[in-house]
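# Examination of the molecular architecture
Below, each chain spelled out in residue letters.
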Amino acid sequence: MRNLQEFRRRIRAVKDLIQVTKAMKTVSAARLRRTQNKVVNYKPYAERIKIMLSELAYAIPHAHRLFQPTEEKKPLLLVISSDKGLCGPFNYNVVRKALDFLRSREGVRLAVIGRKGREGLKRVYKIEKSITNIFQKLNFSHAKEITDYLLSGYYSGDWDSVFVLYTQFFSVGRYYPTVERFIPIPPFKEGAPQEFIFEPGLEEVVDGLMQHYIELEIWRILLESSTAEHAARMIAMDQATRNAQDMVRSLTLQMNKLRQEKITKELLDIVTAIEAMKKSQI
Amino acid sequence: MGRGQEERKMKLSVITPERKLVVDREVEEVRLPTPAGYIGLLPHHFPVMGILGVGILSFGGEKIAVEGGFFRFEKETLEVLAKMAWKPEELSRKQLKEEKEKALQILRTSSDPQEVERAAYRFSRASAFLTLFQD
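Residues numbered from 1 in each chain as written. Chains lettered and ligands numbered in written order. Predicted model: local features only at pLDDT ≥ 70, side-chain atom pairs only at ≥ 80, totals over all residues. Heavy atoms only, no water.

Attention now moves to a nonpolar patch on the surface. On the surface, Ile263(A), Leu267(A), Ile270(A) and Ile274(A) cluster together into a nonpolar patch covering about 350 Å² of accessible area. Within the secondary structure layout, Leu267(A) lies in helix H5 (residues 202-281). (Patch = residues over 30% accessible without salt bridge, like charges linked within 9 Å, V, L, I, M, F, W, Y side chains within 5 Å. Areas by Shrake-Rupley, 256 points an atom, 1.4 Å probe, with all protein chains shown as cover. Salt bridge = Lys/Arg side-chain N within 4 Å of Asp/Glu carboxyl O. Helix = DSSP H or I, 4+ residues; strand = E, 2+ residues; numbered from the N terminus.)

If you want it as structure tokens, here you go:
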């Protein structure tokens, strides 16, 4: 990079890059807000379902298969990653945590949500099932689909417990991957039973509610992971923008120095020439 | 004055895990789908808790398409907790018709029991939602 032309070209390229990273940051911020809105709406709904479950807790047999502690000899690990990259260490952390879990236990079956997790894990472990490209248009039917998969394998004995690895979201700067025991579920708090007519019947309502409870938990986890993903991308893009801005500054400085040098040299030439002319006139 | 009328009303909320569609609306009657068919709820009904089917929830001239979930009526308040729900303007008649046709095609030709079950569900869902567009 000896000449000014080259400097100008590079500065322009980096400035274009800033446009891109800035736009991506804005998009991530908007998506983050949208996902957080969904969390806000999810909470009162889940609260109502939990109230109904506690009102009916008296009717749920303690021997229900979803409550029964098992030996956890055939666990299923469900890993939640993201479909897209450029979100800092988000997926790296998830994959690393998954590998820790897979190393610490034997006979684990693996299911993965998100393309990045599948790419990161498929070379080192057999993936039973992967679900990808759901985060772009995340809706509740995805939670239903995943729950159906988890429960059908649980009831048919393919696995005797389900663990979920996802990124827990605390704030925009704080999110950590974590593993939760998902099935069997802890028993529900028993609330005051009230008199109700059940439509079609008590047993059906209880069964439906319990299945729905799991769907809601999956939904919560998908939302939380997606929130953390957008936050991670926002921060990564912010960092990238700042790095690029630093680069523009340092390139501009170098370019100005070079230009200054050139000007000085030219001035020097002119002054020398004038001096020479003066001397010749005398 | 007017008190007697007020007592003949109940409050209705329709929420899903993703959004709130109706919040504390005063209504006189609600018709909702259960897996066994439609039921009507009027104020002063005995407390009832049940499973929401797939179909059209209607109240005070408004309609909402719901797909699964639960409802709970108590203290003159009906809470509809739908797994998924759509306002009529969010659904396309054309798309539903195509979906119904596609499901019907599978029902006629397929022999895979799982596929047939899924298609039967899609068929009944599309048929139920299509009634939104008939008057």
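Picking up after the structure, the text goes on.
What follows deals with the packing of aromatic side chains. Taken as a whole and assessed by the stated rule, the structure comprises nine aromatic pairs over all chains. Their ring planes at 70° and their centres at 5.7 Å tell us that Phe140(A) and Trp219(A) sit as a pair that is edge-to-face. In this pair, Phe140(A) is assigned in helix H4 (residues 140-156) and Trp219(A) in helix H5, connecting sequence segments 79 residues apart. As far as burial versus exposure is concerned, Phe140(A) and Trp219(A) are alike and both buried. Look at Phe170(A) and Tyr176(A): their rings are 5.8 Å apart centre to centre, the planes differ by 50°, and that puts the pair in the tilted class. The exposure class of Phe170(A) is partly exposed, given its relative accessible area of 42%. Residue Tyr176(A) is classed as partly exposed on the basis of its relative accessible area of 43%. Feature note: the residues Phe67(A), Phe188(A) and Tyr213(A) constitute an aromatic cluster, connected by ring pairs. Against the face of Tyr38(B) rests Arg31(B), its NZ or CZ located 4.2 Å from the ring centre. (Phe/Tyr/Trp six-rings, centres within 6.5 Å; stacked < 30°, edge-to-face > 60°. Buried < 20%, exposed > 50% of the residue type's maximum accessible area, 1.4 Å probe, protein only. Lys NZ or Arg CZ within 6 Å of the ring centre and 35° of its normal.)

All names here are of chain A. On the surface, a cluster of positive charge is made up of Arg8, Arg9, Arg12, Arg259, Lys262 and Lys265. Of all the secondary-structure elements, those providing two or more residues to the positive patch are helix H1 (4-55) and H5. The topology assignment puts Arg12 in helix H1. Its relative accessible area of 54% is what places Arg12 among the exposed residues. (Lys, Arg positive; Asp, Glu negative; His and termini not counted. Charge placed at Lys NZ, Arg CZ, Asp CG, Glu CD.)

On to the interface of chain B and chain A. Contacts between the two partners involve 26 residues from chain B and, on the opposite side, 30 residues from chain A. Interface area, chain B with chain A, both sides summed: about 2,500 Å², of which 68% is carbon and sulfur. Here chain B and chain A share three salt bridges between them. Here Glu55(A) makes a salt bridge to Arg72(B), at a shortest N to O gap of 2.4 Å. The tally of links from chain B across to chain A stands at eleven residue pairs in polar contact (both at pLDDT 80 or more). Counting only elements with at least two residues in the side of chain B that touches chain A, the list comes to strand S5 (48-51), strand S7 (62-74) and strand S8 (77-86) of chain B. If one sorts the elements of the side of chain B that touches chain A by residue count, S7(B) sits on top with six residues. (Contact = heavy atoms within 4.5 Å. Buried area = accessible area lost by both parts, 1.4 Å probe. Polar contact = N/O pair within 3.5 Å; in protein donor to acceptor, adjacent residues only side chain to side chain.)

Residues and elements named next belong to chain A. Reading across the sheet, the five strands line up as S3-S2-S1-S4-S5 and stay open at both edges, with mixed pairing between neighbours. On the outer flanks of this sheet lie strand S3 (129-131) and strand S5 (174-183), each paired with one strand and no other. Adjacent strand axes in the sheet meet at a mean angle of 20° when their direction is disregarded. Here five bridges tie strand S1 (residues 75-80) to strand S2 (residues 109-113), and the two strands are oriented parallel to one another. Bridging from a neighbouring strand, Val79 pairs with Val112 of S2. Lying over the sheet, H5 contacts S1, strand S4 (161-171) and S5, oriented at roughly 45° with respect to S4. (Pairing = 2+ DSSP bridges. Axes fitted to C-alpha atoms, helices over the stretch in contact; angles between N-to-C directions.)

Most often, soluble globular proteins have nonpolar side chains that are buried together. Ranked by size, the top nonpolar core spans 63 residues in total, and within it Leu78(A), Ile80(A), Ile146(A), Leu150(A), Phe182(A), Met210(A) and Leu222(A) carry the most contacts. It is H5(A) that contributes the most residues to this core, twelve residues altogether. Apart from residues no more than four positions distant in its own chain, Phe182(A) is found in contact with Leu150(A), Val162(A), Phe163(A), Val164(A), Ile214(A), Glu217(A), Ile218(A) and Ile221(A). If you look at the next biggest cluster of nonpolar residues, it comprises 21 residues, including Leu52(B), Leu57(B), Leu78(B) and Val80(B). (Core = buried A, V, L, I, M, F, W, Y, C linked by side-chain atoms within 4.5 Å.)

This part takes up the packing of helix H2 (residues 93-109) of chain B against helix H3 (residues 113-130) of chain B. Residues and elements named next belong to chain B. Between H2 and H3, the least distance of the axes is 8 Å, while the angle of their chain directions is 150°. By the criterion of interaxial angle, the relationship of H2 to H3 is roughly antiparallel. In this structure, H2 crosses over H3, and the sense of that crossing is left-handed. Mapping the contact onto sequence places Arg93, Leu96, Lys97, Glu99, Lys100, Ala103, Leu104, Ile106 and Leu107 in H2 and Glu115, Val116, Ala119, Ala120, Arg122, Phe123, Arg125, Ala126, Ser127, Phe129 and Leu130 in H3. Considering only residue class, the contact of H2 with H3 consists of twelve nonpolar, one polar and seven charged. (Parallel < 35°, antiparallel > 145°, perpendicular 65-115°, else oblique. Left-handed = near helix turned anticlockwise from the far one by under 90°. Nonpolar A, V, L, I, M, F, W, Y, C, P; charged D, E, K, R; others polar.)

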